[in-house]
Protein chains: 4
Amino acid sequence: MRVIYDPEPRSTAEILSPQEERLFRSRHEVIEWQGEDRDAFYAAHLPEAEAVIGQQPMDRERLDRAPKLRVIVNVETNFLPNIDYEECFRRGIHVIAPGGVFALPVAEMALGMAISLARNIHGEHAAFLRGQERWLFAGNRESELLSGSTVGIIGYGDLGRALHALLAPFRVRVQVFDPWLPEGYLRRMGLEPVPFERLMAENRFVFVMAAITTENAGMIGREALARMQQGANLLLMSRAAAADFDALAEAAAAGRIRVATDVFPVEPLPQDDPLRRVPGILFSPHRAGALTQALREIGTRMLEDLDLIERGLPPVSCRRAERETVARFRSMPVSKS
Amino acid sequence: MRVIYDPEPRSTAEILSPQEERLFRSRHEVIEWQGEDRDAFYAAHLPEAEAVIGQQPMDRERLDRAPKLRVIVNVETNFLPNIDYEECFRRGIHVIAPGGVFALPVAEMALGMAISLARNIHGEHAAFLRGQERWLFAGNRESELLSGSTVGIIGYGDLGRALHALLAPFRVRVQVFDPWLPEGYLRRMGLEPVPFERLMAENRFVFVMAAITTENAGMIGREALARMQQGANLLLMSRAAAADFDALAEAAAAGRIRVATDVFPVEPLPQDDPLRRVPGILFSPHRAGALTQALREIGTRMLEDLDLIERGLPPVSCRRAERETVARFRSMPVSKS
Amino acid sequence: MRVIYDPEPRSTAEILSPQEERLFRSRHEVIEWQGEDRDAFYAAHLPEAEAVIGQQPMDRERLDRAPKLRVIVNVETNFLPNIDYEECFRRGIHVIAPGGVFALPVAEMALGMAISLARNIHGEHAAFLRGQERWLFAGNRESELLSGSTVGIIGYGDLGRALHALLAPFRVRVQVFDPWLPEGYLRRMGLEPVPFERLMAENRFVFVMAAITTENAGMIGREALARMQQGANLLLMSRAAAADFDALAEAAAAGRIRVATDVFPVEPLPQDDPLRRVPGILFSPHRAGALTQALREIGTRMLEDLDLIERGLPPVSCRRAERETVARFRSMPVSKS
Amino acid sequence: MRVIYDPEPRSTAEILSPQEERLFRSRHEVIEWQGEDRDAFYAAHLPEAEAVIGQQPMDRERLDRAPKLRVIVNVETNFLPNIDYEECFRRGIHVIAPGGVFALPVAEMALGMAISLARNIHGEHAAFLRGQERWLFAGNRESELLSGSTVGIIGYGDLGRALHALLAPFRVRVQVFDPWLPEGYLRRMGLEPVPFERLMAENRFVFVMAAITTENAGMIGREALARMQQGANLLLMSRAAAADFDALAEAAAAGRIRVATDVFPVEPLPQDDPLRRVPGILFSPHRAGALTQALREIGTRMLEDLDLIERGLPPVSCRRAERETVARFRSMPVSKS
């Protein structure tokens, strides 16, 4: 296919291995943006382009110049309002993003952080470095097992699914809150669908894996936290906007719950932010999905779907923007990193 | 049954819930040691005892006084040379220990520590507390996924099996070195049996889960560590005697490998031990198995097997001492905590 | 929503339980076709309809009369050329079919028939009824285990996926041929993607689970069958058109392979069809998916997706017609029953 | 080791592959019985024998002649009263039998027969041969899914465990009745322990996988069958003595339950036995475990344990006779084939 390639802010080396880059360039007619004036570049090449890879504006005007366009690949993996989605849907142009590449890294990290919370691995390690560790049972008074415990997952998208798969051997009862999925659908997956309030109250481990929309921002607030069991574990893995961080800090500081978070209201978190000094929080500087090998898989999945589309088949390796949900994400990014 | 009950150093509250204690005392005729002279106590009660719960010496002389004895339960869960095992085996007295209760806690901790090593969860948390954390990809240059990786397990006893079960969703290739088990036996479990040297060389994650005998003490030495892949992860979960800690410290300090250890040559580790200052080690003060709820399960399993033995059935919930292997453990404890 | 309900040839009692029917009628404004002239009925009600449930023609003219239409639900679960799909896609009207309800019944039946072939359960039962059964090892000379064996799946859609899930405990190596899916995608599922020819040659069990298009009709022909291993097992579960039945009968009669089939070139198969007298075939009169409880789930999933669409969310419980593939199915039905 | 080898009624070709036979003979000093007087043969060779492979009498007198004996391997896999077990246990002689080799073949067959019952695969196949098959839903009025259903397993030994493993993807609730195992033990396996009566009443699928003792013979009698749900499925896989076949035939003939059986009160079942004419029974002439490849594994596991014993380690690949249970089996064989 004739492909406009303008992956910024991703670099080619980040998303494609040398072999994949060779494959990409030999298989497709790649027209790469190389610093020139973008309007001129797009004006010149859209008329023949079948695919666009990148995050540049694709408004109605640009789309109108691209009569052969079949797919736009967002390799930053966010569906932002840079595109006239309605026009794409009307014309059957796929808008896809390989956001699923982050699901497994985030799920592994979530599981690792959950066990770290439950057993205070990070805390006793830090104490050890200070010579203040507690040996054997003395350091385990508040430890608990994940096996046989209760788990609540908020949001059963890519992240939630990947986490669910890792939980299989632990024989936990898993509750899910996801208002975008039917209860029967969740039950057929072996899950127990519950309202948000019950999920907060009935689980030792609560994982926040949801994308953020205008509807669920701040849902993990004072009231929700008050429902949690004493000493229960809260893991914030998807978006900082899901939580009221003041309430979170309060609950952690009081020893009401244990908290792990990979996301923060401001990143990097200012050095003088009081959150840094709250005990009972496992801090992770937005590293759950940010894995080099996940970035590389962006290119892999992009190539897979370009190949399918070239062959007249629907894409399967990337996620597609959908009429109903893309609008809800317009004001903020849909997936991590 | 008539039961001599002398669980020291375990306390009743540690190993039995109040309901279980009631059940125990109502179901059996419990003769509890309460601080009196032990020789006199045993001399008085062995003649009618069907079960002994405890870790006191049971030499030939005491056994000869106990013609009705059917079982000795070691609730410390170690098979130490306090017992004349040969005489027990000859007479059909079961010697059992519910050591399996520690398997799941240790396995969960091992998995949690493995993910923590692979993603540096503990390290970036500690850095965060110091205000030196690295955000997003910057802190992830050396991170790796467990999913799809290679795992070697040294020792496929209770601990190794419990860990293996938790690894199922990660789709890892698992190699095992366990000279006490036939290769075909391991293959039937879906494992790849390999010699020790190959195991050290061919895996990103190496878990030491073996009991220690005179034969394998110090096996994780300089030569073995040199076989490991650059940046591979070593987790020492069972016994400190398995490793040469000087070599371990050297390899970790040089950045050759990443190390996590739950056991130490001396515990507590002296404050001035240079090991404490070695970078690249995740320290855990012997907490992997030392879980309150694991202790409680000691009592549960003890009661289960007493019940079976009373009904003329073989015990299944505790592990039994065996003629061939108990001798090999005589000089040191067999299982953790 | 305002719903035109015309499920023929399905009946309401088949697809909805009494409770679900009540829910359906109370929740939506249901306008049911009751035998009147269909053109008049549709002309009258399309202008206000938001949903159409049924298999009646929805050409451009009818669609033009339905400005509020948001979804067409095909409860026969086939995507036939009765609809102007392009216009639906252009306007964002979902065309959905709950064909997934048949996947689990077909997968269970496929597994049961595979074990029956491998162990000749049906054959020895029939022999038993005639007093000609062979006892113990005598009747087992050609039996084989599924566990640890090799399995090839042709078509990794709903049916193939459901079968794959059931195979997990058998520790089989699974190869897949599915030209609509990228190799990397299949590998991420733990499968080995292979060309069709290798799949036929390298597996003891070959399951045909593919939908039929003009491209793959007759693919299980003389040449493909000749590649199969002596005594290997072929299970035809999706569409008769996938196979050349003369070649199939020949291979089975010669004892080259064992065959099970749930589908036939003509159904019911004429009484004098010579296929009926071919030994070495396990016959099933198109019963794999035709389960009463599967039909009921059609209604369940239809209600789930109507609810989502009403709430402005994308459907998830039914499958959606897709621009690229619906065209390929136009000449024949896409899924079973 | 010095091994007396007298496997009758098994033949060497049955239990050892050519390579394994070579290994066996090169590794051990094999003294094979070749038709001579057995008393003289044993008298001559027992004094130096470390292992005996076979089913010949090993009473006190013979054991007294065998001071170096370490293991007796029963390759017929039954623990019969041909041995003075007490004396073996006293002296630490292992008595082992690789009966576990039949577990997987029986479990696969049980699953295959269960699906065949639930879907009437065998019945419609037989009807097809007669030209009386019913197509699509017509033949499925009484079909049911295993997925999501309820399963009861009687006897959680090797057979029951192997079956349990295969059921994992079906998401069934599994109840177990096994009076030799503690309830807590079963719960830790994810099973629900229940009394026999509840098991019969609360499951759609009941699998009889138990060894037979004087205590449970005839347990599947008129009263137990009356507890079963209308149309439920009963699978008799272990021993005919578990059931009252008159009651079984009555319940099947009346259409009360569906029955599959691999075992019969007399084998071969006489041609004029009325059981042969009872409708609603899936007949299997004792073929579930009788697989050529299972026999071969007898030799494999025997060699594995001989190797361990020679190295001073306990056997793990065969099952060991136990003081408590071997007595209960004395009057009849313990495991299948």
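- As recorded by an unreviewed UniProt entry, chain A carries the name Phosphoglycerate dehydrogenase and is attributed to Rubellimicrobium thermophilum DSM 16684.

**A short note on the sheet that holds strand E7 (residues 173-177) of chain D**
All names here are of chain D.
Turning to step 1, where the next piece is worked out: Read from one edge to the other, the open sheet built from seven strands follows the order E8-E7-E6-E9-E10-E11-E12, with strand pairing classed as parallel. Of all strands in the sheet, those bounded by a partner on one side alone are strand E8 (192-193) and strand E12 (281-283).
Turning to step 2, where the next piece is worked out: By the bridge criterion, four bridges tie strand E9 (residues 205-208) to strand E10 (residues 233-236) in an arrangement that is parallel. Bridging from a neighbouring strand, Val 208 pairs with Leu 236 of E10.

**Observations regarding the confidence of the model for chain A**
Turning to step 1, where the next piece is worked out: With 97% of its residues at a pLDDT of 70 or more, chain A shows a mean pLDDT of 95.
Turning to step 2, where the next piece is worked out: Ignoring residues within four places in sequence, the model shows residues 330-337 of chain A, a span with pLDDT below 50, making 38 contacts including any to other chains.

**Some details on the packing of aromatic side chains**
Turning to step 1, where the next piece is worked out: Under the criterion given, the structure shown has 43 aromatic pairs over all chains.
Turning to step 2, where the next piece is worked out: Each ring, one from A:Phe245 and one from A:Phe264, has its centre 6.4 Å from the other, and the planes form 40°; the classification is tilted. Taken as a pair, A:Phe245 in helix H12 (residues 245-253) and A:Phe264 in the loop between strand E11 (258-261) and strand E12 (281-283) lie far apart in primary sequence, 19 residues in all. By the burial criterion, A:Phe245 is buried, and A:Phe264 matches it.
Turning to step 3, where the next piece is worked out: An aromatic cluster is built from A:Phe128, A:Trp135, B:Phe245, B:Phe264 and B:Phe283, whose rings are joined through pairwise contacts.
Turning to step 4, where the next piece is worked out: We note B:Arg38 situated over the ring of B:Trp33; from NZ or CZ to the ring centre the distance is 3.5 Å.

**What about the packing of helix H2 (residues 18-27) of chain B against helix H13 (residues 292-310) of chain B?**
All names here are of chain B.
Turning to step 1, where the next piece is worked out: For the pair H2 and H13, interaxial distance at closest approach is 10 Å and the crossing angle is 25°. One finds that H2 runs roughly parallel with respect to H13. Every pair of crossing elements has a handedness; the one defined by H2 and H13 is left-handed. Side by side, H2 and H13 meet where Pro 18, Glu 20, Leu 23, Phe 24 and Arg 27 of the first sit next to Arg 296, Thr 300, Met 302, Leu 303, Leu 306, Asp 307 and Glu 310 of the second.

**Digging into the packing of helix H6 (residues 103-119) of chain A against helix H8 (residues 158-167) of chain A**
All names here are of chain A.
Turning to step 1, where the next piece is worked out: Between H6 and H8, the least distance of the axes is 8 Å, while the angle of their chain directions is 55°. It follows from the interaxial angle that H6 and H8 lie oblique. Between H6 and H8 the crossing geometry is right-handed. Contacts from Ala 103, Leu 104, Val 106, Ala 107, Glu 108, Ala 110 and Leu 111 in H6 reach Asp 158, Leu 159, Ala 162, Leu 163, Leu 166 and Leu 167 in H8.
Turning to step 2, where the next piece is worked out: Looking at side-chain class alone, the contact of H6 with H8 contains 11 nonpolar, no polar and two charged residues.

**Regarding the interface of chain B and chain A**
Note on interface size: it is often stated as the accessible area lost on association of the parts.
Turning to step 1, where the next piece is worked out: Opposite the 53 residues of chain B that make contact, chain A presents 53 residues.
Turning to step 2, where the next piece is worked out: A combined buried area of about 5200 Å² lies between chain B and chain A, and 65% of that area is made up of carbon and sulfur atoms.
Turning to step 3, where the next piece is worked out: For the chain B face of the interface with chain A, the top three residues by lost area are B:Glu108, B:Trp135 and B:Arg287, together amounting to 15%.
Turning to step 4, where the next piece is worked out: Counting across the interface, chain B meets chain A through two salt bridges.
Turning to step 5, where the next piece is worked out: A salt bridge links B:Arg276 to A:Glu133; the shortest N-O distance between them is 2.6 Å.
Turning to step 6, where the next piece is worked out: Listed by contribution, the elements that provide at least two residues to the side of chain B that touches chain A are helix H6 (103-119), helix H7 (121-129), helix H8 (158-166), strand E12 (281-283) and H13 of chain B.
Turning to step 7, where the next piece is worked out: Among the elements that make up the side of chain B that touches chain A, the one with the highest residue count is H6(B) (nine residues).
Turning to step 8, where the next piece is worked out: Grouping the constituent residues of the side of chain B that touches chain A by class yields 29 nonpolar, 15 polar and nine charged.

**Topic: the pairing of strand E10 (residues 233-236) of chain C**
Residues and elements named next belong to chain C.
Turning to step 1, where the next piece is worked out: What you see with E10 is no split at all: Asn 233 and Leu 235 on one side and Leu 234 and Leu 236 on the other are buried throughout.
Turning to step 2, where the next piece is worked out: As paired strands, E10 and strand E11 (residues 258-261) are joined by four bridges and run parallel to one another. Bridge pairing in E11 places Leu 236 opposite Thr 261.
Turning to step 3, where the next piece is worked out: Following the backbone out of E10, through helix H12 (residues 245-253) and into the adjacent parallel E11, one traces a crossover that is right-handed.

**Quick notes on the domain arrangement of chain A**
Residues and elements named next belong to chain A.
Turning to step 1, where the next piece is worked out: By domain assignment, chain A separates into domain 1 (2-98 + 292-329) and domain 2 (102-283).
Turning to step 2, where the next piece is worked out: In this structure, domain 1 and domain 2 have C-alpha centres spaced 34 Å apart.
Turning to step 3, where the next piece is worked out: Taken together, the nine residues of domain 1 in the interface contact eight residues of domain 2.
Turning to step 4, where the next piece is worked out: For the pair domain 1 and domain 2, the summed buried area comes to about 690 Å², and 64% of that belongs to carbon and sulfur atoms.
Turning to step 5, where the next piece is worked out: On the surface where domain 1 and domain 2 come into contact, there are one salt bridge.
Turning to step 6, where the next piece is worked out: Residues Arg 319 and Asp 158 are paired through a salt bridge, measuring 2.8 Å at the closest nitrogen-oxygen approach.
Turning to step 7, where the next piece is worked out: Per-element tally for the side of domain 1 that touches domain 2: the top contributor is helix H13 (residues 292-310), with three residues.

**Examining the interface of chain B and chain C**
Turning to step 1, where the next piece is worked out: Listed per partner, the contact involves four residues of chain B and four residues of chain C.
Turning to step 2, where the next piece is worked out: Together chain B and chain C conceal approximately 240 Å² of surface at their shared face, both sides included; 28% is due to carbon and sulfur atoms.
Turning to step 3, where the next piece is worked out: On the chain B side of the contact with chain C, B:Arg171, B:Arg188 and B:Met189 bury the most area, a combined 87% of that side's loss.
Turning to step 4, where the next piece is worked out: Linking chain B to chain C there are zero salt bridges.
Turning to step 5, where the next piece is worked out: Taken together, the connections running from chain B to chain C amount to four residue pairs in polar contact (both at pLDDT 80 or more).

**Some details on the relation of the copies chain B and chain C**
Turning to step 1, where the next piece is worked out: Under the fitted operation, chain B is carried onto chain C by 0.1 Å of movement along the axis and a turn of 180°, and the coordinates agree to an RMSD of 0.0 Å. A rotation of that kind, with that shift, is consistent with a two-fold axis. By C-alpha distance to the rotation axis, the residue of chain B lying nearest is B:Ala168, at 5.5 Å.
Turning to step 2, where the next piece is worked out: When the interface residues of chain B are mapped onto chain C, 100% of them are again interface residues, pointing to one common binding face.

**Structural notes on the relation of the copies chain B and chain A**
Turning to step 1, where the next piece is worked out: Mapping chain B onto chain A leaves a residual RMSD of 0.0 Å; the transformation is a rotation of 180° accompanied by 0.0 Å of translation along its axis.
Turning to step 2, where the next piece is worked out: Interface overlap between copies: 100% of the residues of chain B at the interface are likewise at the interface in chain A, consistent with a symmetric, same-surface contact.

**Focus on the state of the cysteines**
Turning to step 1, where the next piece is worked out: Enumeration according to the criterion identifies zero disulfides over all chains in this entry.
Turning to step 2, where the next piece is worked out: Residue A:Cys318 stays outside any disulfide, its sulfur separated by 15 Å from that of A:Cys88, the closest cysteine.

**Looking at the pattern of salt bridges**
All names here are of chain D.
Turning to step 1, where the next piece is worked out: Overall, the coordinates contain 120 salt bridges over all chains when judged by the stated rule.
Turning to step 2, where the next piece is worked out: The salt bridge partner of Arg 70 is Glu 50, with a shortest N-O separation of 3.5 Å. Residue Arg 70 is located in the loop between helix H4 (60-64) and strand E4 (71-73), and its partner Glu 50 is located in the loop between helix H3 (38-45) and strand E3 (51-54); the two are separated by 20 residues in the primary sequence.
Turning to step 3, where the next piece is worked out: A salt bridge links Arg 301 to Glu 297, with the shortest nitrogen-to-oxygen separation between them at 2.7 Å.

**Examining the sheet that holds strand E2 (residues 29-32) of chain C**
All names here are of chain C.
Turning to step 1, where the next piece is worked out: Spatially, E2-E1-E3-E4-E5-E13 is the arrangement adopted by the six strands of the open sheet, whose pairing is mixed. The sheet is open, and its two edges are formed by E2 and strand E13 (319-320), each paired on a single side.
Turning to step 2, where the next piece is worked out: Two elements, strand E4 (residues 71-73) and strand E5 (residues 94-97), share three bridges in a ladder whose sense is parallel. Following the sheet pairing, Ile 72 is matched in E5 by Val 95.
Turning to step 3, where the next piece is worked out: The strands touched by helix H2 (residues 18-27) are strand E1 (2-6), E2 and strand E3 (51-54); relative to E2, the strand with the most contacts, the crossing angle is about 105°.
Turning to step 4, where the next piece is worked out: Across the face of the sheet, helix H13 (residues 292-310) comes into contact with E3, E4 and E5 while running at roughly 180° to E4.

The rules we used
- Residues numbered from 1 in each chain as written.
- Chains lettered and ligands numbered in written order.
- Predicted model: local features only at pLDDT ≥ 70, side-chain atom pairs only at ≥ 80, totals over all residues.
- Heavy atoms only, no water.
- Pairing = 2+ DSSP bridges.
- Helix = DSSP H or I, 4+ residues; strand = E, 2+ residues; numbered from the N terminus.
- pLDDT = per-residue confidence, 0-100.
- Contact = heavy atoms within 4.5 Å.
- Phe/Tyr/Trp six-rings, centres within 6.5 Å; stacked < 30°, edge-to-face > 60°.
- Buried < 20%, exposed > 50% of the residue type's maximum accessible area, 1.4 Å probe, protein only.
- Lys NZ or Arg CZ within 6 Å of the ring centre and 35° of its normal.
- Axes fitted to C-alpha atoms, helices over the stretch in contact; angles between N-to-C directions.
- Parallel < 35°, antiparallel > 145°, perpendicular 65-115°, else oblique.
- Left-handed = near helix turned anticlockwise from the far one by under 90°.
- Nonpolar A, V, L, I, M, F, W, Y, C, P; charged D, E, K, R; others polar.
- Buried area = accessible area lost by both parts, 1.4 Å probe.
- Salt bridge = Lys/Arg side-chain N within 4 Å of Asp/Glu carboxyl O.
- Right-handed = clockwise from strand over helix to strand, strands pointing away.
- Domains from an automatic or database assignment.
- Polar contact = N/O pair within 3.5 Å; in protein donor to acceptor, adjacent residues only side chain to side chain.
- Least-squares fit on C-alpha atoms with pLDDT ≥ 70 in both.
- Disulfide = S-S within 2.5 Å.

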